[in-house]
Structures are given as C-alpha cells and as structure tokens.
Amino acid sequence: MNGYTDPVCRLFGLSEELLGGGSIAARIVTAMLFSAIIGCERSGKRHAAGLRTFMMITFASTAAMLTDIYLSHVSGASLYLISASSVIGTAIISVNSILFSARSRIKGLTTSAALWACGIIGLTVGAGFYTASLIFFAAILVSLSLFPKIETYLKNRSNHFEMHLELKNAKYLQSFIMTIRVLGMTVDDIETNPAYRSSGLSVYTVSVSVVSKDLKKYKTHTEIIEALSTVDYISHIEEMR
C-alpha cells in the first residue's frame, strides 16, 4: 500500500494485503462481528432485514473484495469488477427492502441504507482497511441508535407535518379544516388516500403548517394530534412519519 500501514493492522499485527489463512480469517471475523451488531440493532426494532441479512450482505462484499485482491495478485488486474458488482447487487437488494404501507408511508428506508452501508463495510474489511471499517461501523451504529431520538425531536418541533386522517363521514371534512384554522394552522394539501378509495371510508392525507406562534412554542405534533383525536367526527388520526 505504498508504504502506508493501517494503524489497526499495525496494532494487532494483521496483514493488509497478504491473502494467508490468518489474514482472510481476521477479515471474515471482523465482517461477521460488525454486521452482527448492526443486524441485531435492526432486528431488535422489528425491521424486515435482520441479523442474517446483514451478515450475508457483509460476507458477500468481503468475499468480493478478497477475490478481487487475489485476482490482482495472480493476473495483475487493476479493475476490481467483482467488488463493483457487489455494490450494485447490494443496492438492488436494499431497494427491494423498501415497503409502502397501506397508509402511503415508506417503510424500511433506513434499513435499506444500512444494508448498503454494511456492503461498503464489507469491502473495506476485505481490503484490510480496518481503521476505516471501524470508524465507519461506529458511525453507522451511532446513527441508527442515537440519531432517531434527535430526528424525532426535530420533526416534532417542525412547522410542517402530515397527518393520516379518518373521518366518520366525508361531510365532516370542511369542519375539520375549520378546526385546523382555529387551532392556528393552515392546510397545505389534502389528498384522498388511494389505499382506501374503494373501501367506502373517508380517509385523507393532510399536510399542515403551524402558523400560530403560541402553538409553535408550546405544543408538539404529538400534543396537537392528541387534541384533534378528541373531536367527535374523527374516527382516527395520526402523524405520518
């Protein structure tokens, strides 16, 4: 690696480039450890892609990089085509893990991105770049476990949000709009939810903006939704996240 020695490799006496049994084993074990921890985090939150999926993605990427390194030693190949193909394959699998719920909400987007990120970790581990792998792993784990709380807080204080609204009858829609205005909000958009179009239910996706200074300062989205849920003609209401 042009005189560069990875700090983690130097610390533990690991080989960055040699494809001996010990070097390969160290990379596979590292890939297994990182992917297992991230997979457990996703499984613990009941996401579709869990422990085994994350491990398989990371193993495949690690194997792809090891194979490319082997081919470069054997034939002098300079293009890491197998690694590039593994990135494309991971991206396809990640996209297929994204789901659309009956309430028009996207599910699995974070898990999809985490799968793709684990594929990249597999490549860095396979290349023997342990320091980057460790930092990248820590960043992913912090993003998945810590940032959701920050994201929820920021969203709950945003001036704009969307609601899933179920009315007992479509005739109450005008009353709902008037209630929103009285509370200090404006309606940006209202759409009939296509998932319920043929069911006979009066279901809408409503985008609103908070314009009242007092409402912005003292009330969160959760409190606003709770207040609206007490209205008689509303069968169900919740914020879309």
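All of the points below concern the structure found in this document. Residue numbers here run from 1 along each chain, matching the order of that chain's written sequence. For this predicted model, a pLDDT threshold of at least 70 governs which residues receive local features, and a threshold of 80 or more governs which side-chain atom pairs are given and counted, while totals over whole chains, interfaces and linings are taken from all residues. Excluding hydrogens and water, the side-chain values take into account all heavy atoms of the structure.

The next subject is the overall build of the protein. Scanning the protein from terminus to terminus reveals 10 helices and six strands. Within the protein, buried positions represent 39% of all 241 residues. Once local pairs closer than 6 in sequence are excluded, the contacts in the protein between residues at least 24 apart make up 66%. Accessible surface, the protein: about 13,600 Å² in total, of which carbon and sulfur atoms supply 63%. Strands here are runs of E lasting at least two residues and helices are runs of H or I lasting at least four, both read from the DSSP assignment and numbered beginning at the N terminus. Burial classes: relative accessible area under 20% of the type maximum marks a residue as buried, over 50% as exposed, and values in between as partly exposed (1.4 Å probe, protein chains only). Contacts are residue-level and defined by heavy atoms, with any inter-residue pair within 4.5 Å sufficient. Residue burial considers only the protein chains on display, and all accessible areas are found by Shrake-Rupley using a 1.4 Å probe.

Looking now at a negative patch on the surface. To count toward a patch, a residue needs a relative accessible area over 30% and no salt bridge; like charges are then connected within 9 Å, while nonpolar side chains (Val, Leu, Ile, Met, Phe, Trp, Tyr) are connected within 5 Å. A carboxyl oxygen of Asp or Glu within 4 Å of a side-chain nitrogen of Lys or Arg is what we treat as a salt bridge. For this count, His and the chain ends are skipped, Lys and Arg are scored as positive, and Asp and Glu as negative. Each charge is placed at NZ for Lys, CZ for Arg, CG for Asp and CD for Glu. Negative charge collects at one region of the surface, where Glu162, Asp188, Asp189 and Glu191 lie side by side. The dominant element in the negative patch, judged by the number of residues it contributes, is strand S4 (residues 185-192), at three residues. The partly exposed category is assigned to Asp188, whose relative accessible area is 46%.

Viewed as axis vectors pointing N to C, helix H4 (residues 81-96) and helix H5 (residues 109-126) meet at an angle of 165°, and their least axial separation amounts to 8 Å. Taken together, the axis directions place H4 and H5 in an arrangement best described as roughly antiparallel. For the element pair H4 and H5, the recorded crossing hand is right-handed. Residues Ser83, Ser86, Val87, Thr90, Ala91, Ser94 and Val95 of H4 pack against Ser112, Leu115, Trp116, Gly119, Ile120 and Leu123 of H5. By residue class, the composition of the contact of H4 with H5 is seven nonpolar, six polar and no charged. As a rule, the C-alpha atoms of each element are fitted with a line to give its axis, helices using only the stretch in contact, and angles between N-to-C directions run from 0 to 180 degrees. Under this scheme an angle from 65 to 115 degrees is roughly perpendicular, one under 35 degrees roughly parallel, and one over 145 degrees roughly antiparallel; angles in between are oblique. When the near helix sits turned anticlockwise from the far one by under a right angle, the crossing is termed left-handed; a clockwise turn instead gives a right-handed crossing. All residues other than Ala, Val, Leu, Ile, Met, Phe, Trp, Tyr, Cys, Pro, Asp, Glu, Lys and Arg, Gly among them, are scored as polar; the first ten of these are nonpolar and the last four charged.

In this description, a nonpolar core means a group of buried Ala, Val, Leu, Ile, Met, Phe, Trp, Tyr and Cys residues linked to one another through side-chain atoms lying within 4.5 Å. Met163, Phe176 and Ile234 are the most contacted members of the largest nonpolar core, which has 21 residues in total. Of all the elements in the fold, those that place two or more residues in this core are strand S3 (160-167), helix H8 (173-183), strand S5 (202-210), helix H10 (221-228) and strand S6 (234-240). Among residues more than four places away in sequence, those in contact with Ile234 are Leu165, Glu166, Leu167, Lys168, Phe176 and Leu228. Formed by 14 residues, the second largest nonpolar core is a distinct cluster that contains Ile38, Leu115, Val125 and Leu144.

What follows is about a nonpolar patch on the surface. Together, Val142, Leu146, Phe147, Ile150, Tyr153 and Leu154 make up an exposed nonpolar region whose accessible area comes to about 580 Å². The greatest single-element share of the nonpolar patch, amounting to four residues, is contributed by helix H7 (residues 147-156).

By the element assignment, Thr5 lies in the segment before helix H1 (7-12). Through-space distance from the C-alpha of Thr5 to that of Phe129 is 9.2 Å; in sequence the pair is 124 residues apart.

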